[in-house]
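A closer look at the structure
Here's the letter readout for the chains.
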Amino acid sequence: MAGHDQLDEQAGLYVLGALTPTDRAAFEAHLATCADCTAEVRSLSSVAGALAHAVPQSEPSPALRARVLASVGAATEPEVRLTASARATASLAEAETRRRKPDATTGRVPVRLKPDATTVPDTTTVRAHTFVPWLAAAASLALAVGLGVYAAQLRTRVGDLEVRLREATLRADAGDRQIADARRTAADAQSQVAVLSAPDLARIDLAGQPAAPQAAARAFWSRSRGLVFTASNLPALPAGRTYQLWVLTAQPAPISAGLLRPDTSGRANAVFDTPPDIPRPTAMAVTIEPDGGVPAPTGDKYLVGLAN
Amino acid sequence: MWFLWAVIDRLGPSGRRTGDGLLDEAALERIARGDHDALAELYDRHARPVYSLALRILQNPSDAEDIVQEVFSQAWREAARYDRLRGAVAAWLLTLARSRAIDRLRARRARPENAADHRAVVNVADLGLPPDLQVLSSEQIACVRAALGELPVLQRVAIELAYYEGLTHVEIAARLEQPLGTVKTRIRLALIKLRDALAGAV
């Protein structure tokens, strides 16, 4: 790398745009790491600005003005236009400056509730005051903060209402569920009574198998009235699995009586319609199967019991 | 967030801004909204220096007027992208004018072997550094003009070839038939004198 005296020379050439592309690239790389040279470039750049002004001044032809303004008027719009809200902000600022001026005769600050000819923002007046952008910025800031606070309040209120709605819905659902549960329980009880009082009642006790040695169950069976099944100490089901009750008869294939889902304490109570037209059961079994059940048993046996 | 920046900028230490500078910024903001009158205002304040610089570089009134038209068209199109932190509006317009004029000068010279240099000049306008943070007073401009006249001839010509003709230091050395190191040193000395003149005129 060159010595710093040479780099000082580079700074001047750089500011004038007089470096070759190679030298310029090298110097810019140096600038990125050298505060001294950056400061030098900054200081010399004002000289470049002065050189632009230092030429003999002469007036362009009046026709040029018309040509420039006409060409721009005919050309496309500026690339980025501010939104209508920015213009409205400028109008706000203008209205604000007017409002603050006390009325000369009464000494009071005039307050106009309705827009009239004098409060309609006059764009030529806006132009004349260079402080308007500042006011516009301040008004816009105040407006933005105000809207922000209002929006936050609305959000809180809506959130509050949503919570209350959800609670009410949950209570209604719970009420519906309780009614449905009660109906089901009553129906089950009626079915159980019907089954248990049936003249053709048979009982089958089921014992836990190696997969669930603690489990036990009892089935009451009536061909005419149905099947009542109660089980205890059934292991909790893994996701996607269900217990399925099978009736074994003299026929070779087991017949599905239905699905069982134990509660958290491992108990299951169910009343099933008797599968129609089957012979007297010789045995019953409970297996673990995929959710929804299967036509023929595939999983491990949890409970098995033989008819007397 | 633009309004926050505007507030911070106005509240910050910006004592160097003059009334004219603020007028220019306000005009650019209105131009960004499509206000033709604002462009007329900007033209009336700056067409003369822009035209004069282009005329100095191109030495031809018709070409200089083309540059003026190009510069104000560009200002109209790019007003919304103007970054006040990069320098005064006047300096921006003059940087655009110089860049375009030297571009045209090189095209006129039509020296294909200097295509790389051609690109270098275009890049002058894209420097990420403020070309001139201040709005120069007429006293400062007069002082620099006087200081330029008082420079030793070789120093002055070297500066003029670099700034008004867009030559690289290598080309200047060839034109003046001087060693490269001498040209570099002269340009540096001249710039320091001009800077001192500028500082003394504040």
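In this text, all values refer to a predicted model and were calculated from it rather than measured experimentally.

About the cut-offs
Residues numbered from 1 in each chain as written. Chains lettered and ligands numbered in written order. Predicted model: local features only at pLDDT ≥ 70, side-chain atom pairs only at ≥ 80, totals over all residues. Helix = DSSP H or I, 4+ residues; strand = E, 2+ residues; numbered from the N terminus. Buried ≥ 20, exposed ≤ 12 C-beta atoms within 10 Å, placed from the backbone. Contact = placed C-beta atoms within 7 Å. pLDDT = per-residue confidence, 0-100. Pairing = 2+ DSSP bridges. Axes fitted to C-alpha atoms, helices over the stretch in contact; angles between N-to-C directions. Core = buried A, V, L, I, M, F, W, Y, C linked by C-beta atoms within 7 Å. Parallel < 35°, antiparallel > 145°, perpendicular 65-115°, else oblique. Left-handed = near helix turned anticlockwise from the far one by under 90°. Nonpolar A, V, L, I, M, F, W, Y, C, P; charged D, E, K, R; others polar.

This part takes up the overall build of chain A. The helix and strand tally for chain A stands at seven helices and eight strands. Counting across all 308 residues of chain A, residues that qualify as buried make up 26%. The contacts of chain A with a sequence gap of at least 6 include a subset with a gap of at least 24, amounting to 60%.

The subject of this paragraph is the confidence of the model for chain A. Residues and elements named next belong to chain A. Residues with a pLDDT of 70 or more make up 78% of chain A, whose mean pLDDT is 77. In this model, residues 80-86 is a region of pLDDT below 50 whose contacts with residues beyond four sequence positions or in other chains number eight contacts. Residue range residues 96-129 is modelled with pLDDT below 50. Its contacts to residues more than four positions away, or to other chains, number 23 contacts.

This next bit is on the pairing of strand β8 (residues 301-306) of chain A. All names here are of chain A. Bridge count for strand β1 (residues 202-208) against β8 is two bridges, and the pairing is antiparallel. If you follow A207 over to β8, its bridge partner there is V304. With five bridges connecting them, strand β7 (residues 283-290) and β8 associate as antiparallel partners. Bridge assignment links T287 to a residue of β8, and that residue is K301.

Moving on, we come to the sheet that holds strand β5 (residues 255-260) of chain A. Residues and elements named next belong to chain A. Pairing is antiparallel in the open sheet, where eight strands are placed in the order β5-β4-β7-β8-β1-β2-β3-β6. Each of the sheet's edge strands pairs with one partner strand only, and the pair in question is β5 and β6 (268-272). Taken over all neighbouring pairs, the strand axes of this sheet differ in orientation by 20 degrees on average, direction set aside.

For the rest of this paragraph, the subject is unusual backbone geometry. One non-glycine residue, N233 of chain A, adopts positive backbone phi at about 60 degrees. Relative to the elements of secondary structure, N233 of chain A occurs in the loop between β3 (226-232) and β4 (241-248). Residue classification places N233 of chain A among the partly exposed positions, given that 17 C-beta atoms sit within 10 Å. The phi dihedral of E177 of chain B falls on the positive side, at around 55 degrees, and the residue is not glycine. Mapped onto the secondary structure, E177 of chain B falls in the loop between α9 (169-176) and α10 (180-200).

Residues I31, V50, A54, V68, V144, A162 and L194 of chain B are the most contacted members of the largest nonpolar core, which totals 77 residues. Here this core gets twelve residues from one element, more than from any other, and that element is helix α3 (residues 36-58) of chain B. Apart from residues lying up to four places away in sequence, A54 of chain B is in contact with A64, I67, V68, A97 and A101 of chain B. Counting residues in each nonpolar core, the second largest holds 27 residues, with A215, A231, V271 and I288 of chain A among its members.

Here we come to the packing of helix α7 (residues 138-150) of chain B against α10 of chain B. Residues and elements named next belong to chain B. Here α7 crosses α10 at 150 degrees, and the two axes come no closer than 8 Å. Viewed along their axes, α7 and α10 adopt a mutual orientation that is roughly antiparallel. Helix-helix and strand crossings are classified by hand; for α7 and α10 the assignment is right-handed. For the pair formed by α7 and α10, the contact residues are Q140, C143, V144, A147 and L148 on the first element and K193, L194, A197, L198 and G200 on the second. Among the residues making up the contact of α7 with α10, the classes are represented as seven nonpolar, two polar and one charged.

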